[in-house]
Amino acid sequence: MFRFASPEYLYLLVIIPLMILMYVFTMRVRHKALRKFGNEQTVATLATETSTRRVLYKFILLCAAILCIIVGIARPQFGSKLKEVTRKGIEIMIAVDVSNSMLAEDFEPSRLERTKFAIDRLTEQLSEDKIGLIVFAGDAYMQLPITSDYISARNFIREVSPNMVSKQGTAIGAAISLAARSFSPGSEGSRVLIIVSDGENHEDDAVAAAEAAAKDGIKIYTIGIGTPEGAPIKIGNDFLKDDKGEMVVTKLDEATLEQIALTTGGSYIRATNRSIGLDEIIKKINEVEKKDLTSTVFEDFNEQYQYMIGAALILLMINFIMIDRKNRILARFNIFK
C-alpha cells in the first residue's frame, strides 16, 4: 500500500505552475527588450554564446528538483506488511433518505444537510466501531461498505445528495434488506442499522423487512427528521408541485419509523433543531454487547523520501554546473556534422 505520511505538503505543488507562469512572462519581457536593439536573428548572430535552450533546460531542472523536494517532504511510504487487528466494536450501517422530501427546509438549511452534518460529527466520536453508508429513495444503493476508515466515510457523507438516485420515492424496506446483506460475516450480535428519514414510505413493506432483519440479529434505530406540520419541497429556486399545480407539502410519518424500530428491539427518536438524535442513539448503542471485529491493515511502512531528496540534489547539482551560455571549448567538437 502506498501513502503519504504528510500529504498536507503536497499543496506546495502549486509553486510549480506559478514558476512556469513567471518563466513565460520573463521570456516575453526578454524578447521584447531584444527587439529594441534590432532584428532578433541579427542580435542572435552577434551574441553567439547566448543559448535560450540552456536557459530552458536549467528551468526544467529547477522545476523537477522542486517537485522532488515537495514529494520528498510529503514522505511517500510503502506498506510492507499486512496485519490483522482485532478490537471490540459494533458494525453500524447508516441508511440516509435522499428523496426529494429531504430537501424540505423545516430544518435549516434542509433536512438532508442537517443529517449529513450530524453523521459527520458522529464519525468523529467513533474509535473501534465499523461504519457503512446506504442511500435510498425509490430504491437503495450501497454508498460505502462496512469499514473502519472514518476519513473515507466522512468524504462519502459530504457527497450525499438526491442526484445519487435515479428513482424517486421512499423505499425504507429496500434499505433495510440491503443493509442486512452488507454486514460482515461473524458480526452477529453486534449489528446496528440507523435509518434517518422523514418516514413517508411509499414503495414497499418496511415493517416486513425489519422483521426479517431482526431474525439476523440486527437492531434498527430510526430517526424521524421533519415536522408533523410539514414543509414544501424546494428544488433549486422553485417549489415542487403536484399534477394539479398545488405545492407539495411533506410531513413527518412517525408511526412507520416507530414500528420499524420496535420490531427489532431498537428505538425511535424524533430529531429536533437542537439535536438530530445521533448522540442519544450512540449512547444506547454502547449498551449493546460489543464483539471482536477483525480488520486487515498495513504496518511497517518504509520511508521513500530519501530517494526523492537524493534525486533533487542531483538535479540541483546539474543545474548549478550547467551555464546558461554556450561553452566555447565544447562548441569546437561538432559531433553532429
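Residues numbered from 1 in each chain as written. Predicted model: local features only at pLDDT ≥ 70, side-chain atom pairs only at ≥ 80, totals over all residues. Heavy atoms only, no water.

**Q** So, the pattern of salt bridges: which residues are in play, and what are the values?
**A** Note on pairing: side chains with opposite charge can pair once their charged atoms come close. Here the structure, examined in full by the defined rule, presents eight salt bridges. Measuring nitrogen to oxygen at the nearest pair gives 3.3 Å for the salt bridge that ties Glu113 to Lys116. On the criterion of helical spacing, the pair formed by Glu113 and Lys116 is a turn pair, its members being three residues apart in helix α4 (residues 111–125). You can call Glu113 partly exposed: its relative accessible area is 37%. For the salt bridge of Arg154 with Asp120, the shortest nitrogen-to-oxygen distance reads 3.0 Å. You can see Arg154 sitting in helix α5 (residues 150–158) and its partner Asp120 sitting in helix α4, a full 34 residues away along the chain. Since its relative accessible area comes to 23%, Arg154 is described here as partly exposed. (Salt bridge = Lys/Arg side-chain N within 4 Å of Asp/Glu carboxyl O. Helix = DSSP H or I, 4+ residues; strand = E, 2+ residues; numbered from the N terminus. Buried < 20%, exposed > 50% of the residue type's maximum accessible area, 1.4 Å probe, protein only.)

**Q** Describe α4, naming the residues involved and giving the relevant values.
**A** For α4, which comprises 15 residues, the first-to-last C-alpha distance of 22 Å matches the rise-based estimate of 21 Å (1.5 Å per residue) to within 8%. Buried within α4 we find Arg111, Leu112, Arg114, Thr115, Lys116, Ala118, Ile119, Asp120, Leu122 and Thr123. (Expected span 1.5 Å × (residues − 1).)

**Q** Please set out the sheet that holds strand β7 (residues 218–224) residue by residue, giving values where relevant.
**A** Strand order in the open sheet formed by six strands is β5-β4-β3-β6-β7-β12, with mixed pairing between adjacent strands. On the outer flanks of this sheet lie β5 (140–147) and β12 (268–270), each paired with one strand and no other. Within this sheet the neighbouring strands show an average axis-to-axis angle of 15°, counted without direction. With seven bridges joining them, strand β6 (residues 191–197) and β7 adopt parallel strand pairing. The partner of Leu193 across the bridge, within β7, is Ile220. Relative to the sheet, α4 contacts β3 (91–97), β4 (130–136) and β6, its axis offset from that of β3 by approximately 165°. Along the sheet, α5 contacts β4 and β5; its crossing angle with β4, the most-contacted strand, is approximately 15°. (Pairing = 2+ DSSP bridges. Axes fitted to C-alpha atoms, helices over the stretch in contact; angles between N-to-C directions. Contact = heavy atoms within 4.5 Å.)

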